[in-house]
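# Survey of secondary and tertiary structure
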Amino acid sequence: MTTSTETLDALRGAVRGTVVTPGDPSYEESRRVYNALHDRRPAVVVRAADAGDVSAAVRHAREHGLPLAVRGGSHSVAGFGTVDDGLVVDLSPMREVRVDPEDRTARAGGGATWGDLDHAAHAFGLATTGGVVSTTGVAGLTLGGGMGHLARRYGLSCDNLIGAEVVTADGDLVSCDAGRRPDLFWALRGGGGNFGVVTEFAYRLHPLAEVLGGLTCYPQDEAVIRAWYEAATAAPEELNIILVLALGPQEPFLPERWHGRPVCAAFTCFSGPREGDEKVLALLDGLGPVVGRFMERMPYPVINTLFDEQLPAGLYHYWKGNFSRGLSDGAVAAHAAYGATMPTMESDTALFPIDGACHRTGPEETAFAYRDADVSHSIGATWTDPSGTAAGVAWTRAYDRALRPHTEAGGYVNFMDADDQDRVRVNYRQNYARLREVKRRYDPGNVFRLNQNIVP
């Protein structure tokens, strides 16, 4: 399991991109990932220029017994985009997005971020469901399912995927969609990075230029959490409200006396017409006593940048995720208890409504199995210094233990950490056996195992 000078020279000769190894001037930068918790030292990083480079890198890793990590937009809080003493395929140079405004489709490279796709589509008054932070990669989000501001109206990111180009474990480049390799296309829509390296994604787009978006803050209280759930799941599908439990941010819209105090923040995106804005504001006013608000009409891409400055690369993160049907009193109590004890200003919990259009896709139509879930719970400790690791991890795990009795057995794979491998089967429940069959067909040797792994 080594890479000699001779084999590295052969790899360099096979790729158009850059091959980086320890000792190279760009090595430290090339090995760095979004989550500073994962400080790993790959044997080689291939910064791929195209699908041919990806194919060469996958073949090199297989031939020389190197563990293989795939890095798209590079967020991967679980650290799956890097590996010690192995090979990293870095897709970040492959960020091109091509929009066909007539067909309302977009094709995005495997290293593109949602900021890249949002920008390209917005030029034609179009959009699709992405994440809530613009620096998130299209690859990881889509392959895990893809929750975002437009999910209630247009479905998950994976529901808007209409095709993909994939480098398989053999190093072959294949296409898949509803008509070609439908088994692979089905598995990619929620099954994670288990089946190959997606070098290009094709998406369906929807007409959308601007939204009413922003934050409304309330004191952190069980009554507010309950009111959010009732309002968010009864609202028109054009209205998406993510409830964020956090410590009050030091922002001008929030009075200083609330800075650092526990708050509930309704992160709102209304994609309906301007005539509905006043009703949205009235609904938000009814959730509880408003202590601060930033809300305005904005181009759709802007709403996905509102947290970019608060979540730069280089912080430390540890996450857990759960689904629930409804929101029980026990779940509300757990959120209220632990939401009031956030370990840092950067930490938060987010409750995503995933009803509406998400429910109109059947539980077996894609690999994303929890089509009957109403809420996705994301518990996320974030800290700025390695000295905070023990406290951040302990808080997240204790919070998760308190919430688990009140949620489903499985959760959203994109909110899982690397120590959640024992939950993979329940995360996919009725679809797990079928996913294993697809895994055996396309990756019987489990080359792609740095993920929420489906063992062939």
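Under an unreviewed UniProt entry, the protein chain has the name FAD-binding oxidoreductase and belongs to Streptomyces omiyaensis. Under the UniProt heading Sequence similarities (unreviewed entry), the entry covering the protein chain gives this text: "Belongs to the oxygen-dependent FAD-linked oxidoreductase family." Of the comments in the UniProt record for the protein chain, the one headed Cofactor (unreviewed entry) reads "FAD".

It is worth spelling out the sheet that holds strand S12 (residues 210-219) at this point. Spatial ordering of the open sheet is given by S15-S12-S14-S13-S17-S18-S16, a layout of seven strands whose pairing is antiparallel. Since the sheet does not close on itself, it has two edges, and those belong to strand S15 (292-299) and strand S16 (316-324), each with one partner. Neighbour-to-neighbour, the strand axes of the sheet open up by a mean angle of 15 degrees, direction not taken into account. Relative to strand S17 (residues 348-353), strand S13 (residues 239-247) runs antiparallel, the two being bridged by four bridges. Within S17, the residue paired with Val-244 across the bridge is Ala-350. On the sheet, helix H8 (residues 222-234) packs against S12, S13, strand S14 (262-270), S17 and strand S18 (375-383) and is oriented at approximately 165 degrees with respect to S13.

Turning next to the sheet that holds strand S10 (residues 197-204). The five strands lie next to each other as S5-S6-S10-S8-S9, forming an open sheet whose pairing is antiparallel. Unpaired on one side and paired on the other, strand S5 (97-100) and strand S9 (173-176) mark the two borders of the sheet. Adjacent strand axes in the sheet meet at a mean angle of 15 degrees, parallel and antiparallel pairs treated alike. The sheet contact formed by strand S6 (residues 105-109) and S10 spans five bridges and is antiparallel. Looking at S10, one finds that Ala-108 is bridged to Phe-201. Here helix H4 (residues 114-122) sits on the sheet in contact with S5, S6 and S10, set at roughly 30 degrees to S5.

Within this numbering scheme, the UniProt entry marks residues 38-208 as carrying the feature "domain: FAD-binding PCMH-type" (unreviewed entry). The span residues 38-208 carries 23% helix and 26% strand; its end-to-end C-alpha distance comes to 37 Å.

With respect to the helices and strands, Ser-376 occurs in strand S18. Not counting residues up to four positions away in its chain, the partners in contact with Ser-376 are Met-147, Asn-322, Phe-323, Ala-350, Leu-351, Phe-352, Ile-354, Tyr-412 and Phe-415.

With that settled, the discussion passes to the packing of aromatic side chains. In total, this model carries 14 aromatic pairs according to the counting rule given. On the numbers, 5.3 Å between centres and 80 degrees between planes, the contact of Trp-395 with Tyr-399 is edge-to-face. In this pair, Trp-395 and Tyr-399 are both assigned in helix H12 (residues 389-403), four residues apart and thus about one turn of the helix distant. Note on Trp-395: relative accessible area 9%, which makes it buried. Across from the ring centre of Phe-185, 4.0 Å away, lies the NZ or CZ of Arg-189, which sits over that ring. Above the face of the Trp-186 ring, Arg-434 is positioned so that its terminal group lies 3.8 Å from the ring centre.

Two elements in contact, H8 and helix H11 (residues 329-339), have axes whose closest approach is 9 Å; the angle formed by their N-to-C orientations is 130 degrees. By the angle between their axes, H8 is oblique relative to H11. The two elements H8 and H11 meet at a crossing, and its hand is right-handed. For the pair H8 and H11, contact is made by Glu-222, Ile-225 and Arg-226 and by Asp-329, Val-332, Ala-333, His-335 and Ala-336, respectively. Its residues placed into classes, the contact of H8 with H11 shows four nonpolar, one polar and three charged.

What follows is about the environment of His-149. Looking at where His-149 falls in the secondary structure, it is placed in the loop between helix H5 (138-144) and helix H6 (151-154). Judged by its relative accessible area of 3%, His-149 is buried. His-149 sits 150 residues away from Pro-299 along the chain, and the two C-alpha atoms are 13 Å apart. If we ignore the near neighbours within four places in the chain, the residues touching His-149 are Gly-130, Gly-131, Val-132, Asn-240, Ile-242, Phe-267, Cys-269, Ile-303 and Asn-304.

Across the interface, helix H1 (residues 5-14) lies against helix H3 (residues 51-63) with an axial gap of 9 Å and an inter-helix angle of 160 degrees. In terms of their interaxial angle, H1 and H3 are classed as roughly antiparallel. In this structure, H1 crosses over H3, and the sense of that crossing is right-handed. Together, Thr-7, Leu-11 and Ala-14 of H1 and Asp-53, Ala-56, Ala-57 and His-60 of H3 make up the contact between the two elements. For the contact of H1 with H3, the per-class residue count stands at four nonpolar, two polar and one charged.

Reading guide: rules and limits
Residues numbered from 1 in each chain as written. Predicted model: local features only at pLDDT ≥ 70, side-chain atom pairs only at ≥ 80, totals over all residues. Heavy atoms only, no water. UniProt positions renumbered as here; feature names shortened; annotations may be inferred. Pairing = 2+ DSSP bridges. Helix = DSSP H or I, 4+ residues; strand = E, 2+ residues; numbered from the N terminus. Axes fitted to C-alpha atoms, helices over the stretch in contact; angles between N-to-C directions. Contact = heavy atoms within 4.5 Å. Phe/Tyr/Trp six-rings, centres within 6.5 Å; stacked < 30°, edge-to-face > 60°. Buried < 20%, exposed > 50% of the residue type's maximum accessible area, 1.4 Å probe, protein only. Lys NZ or Arg CZ within 6 Å of the ring centre and 35° of its normal. Parallel < 35°, antiparallel > 145°, perpendicular 65-115°, else oblique. Left-handed = near helix turned anticlockwise from the far one by under 90°. Nonpolar A, V, L, I, M, F, W, Y, C, P; charged D, E, K, R; others polar.

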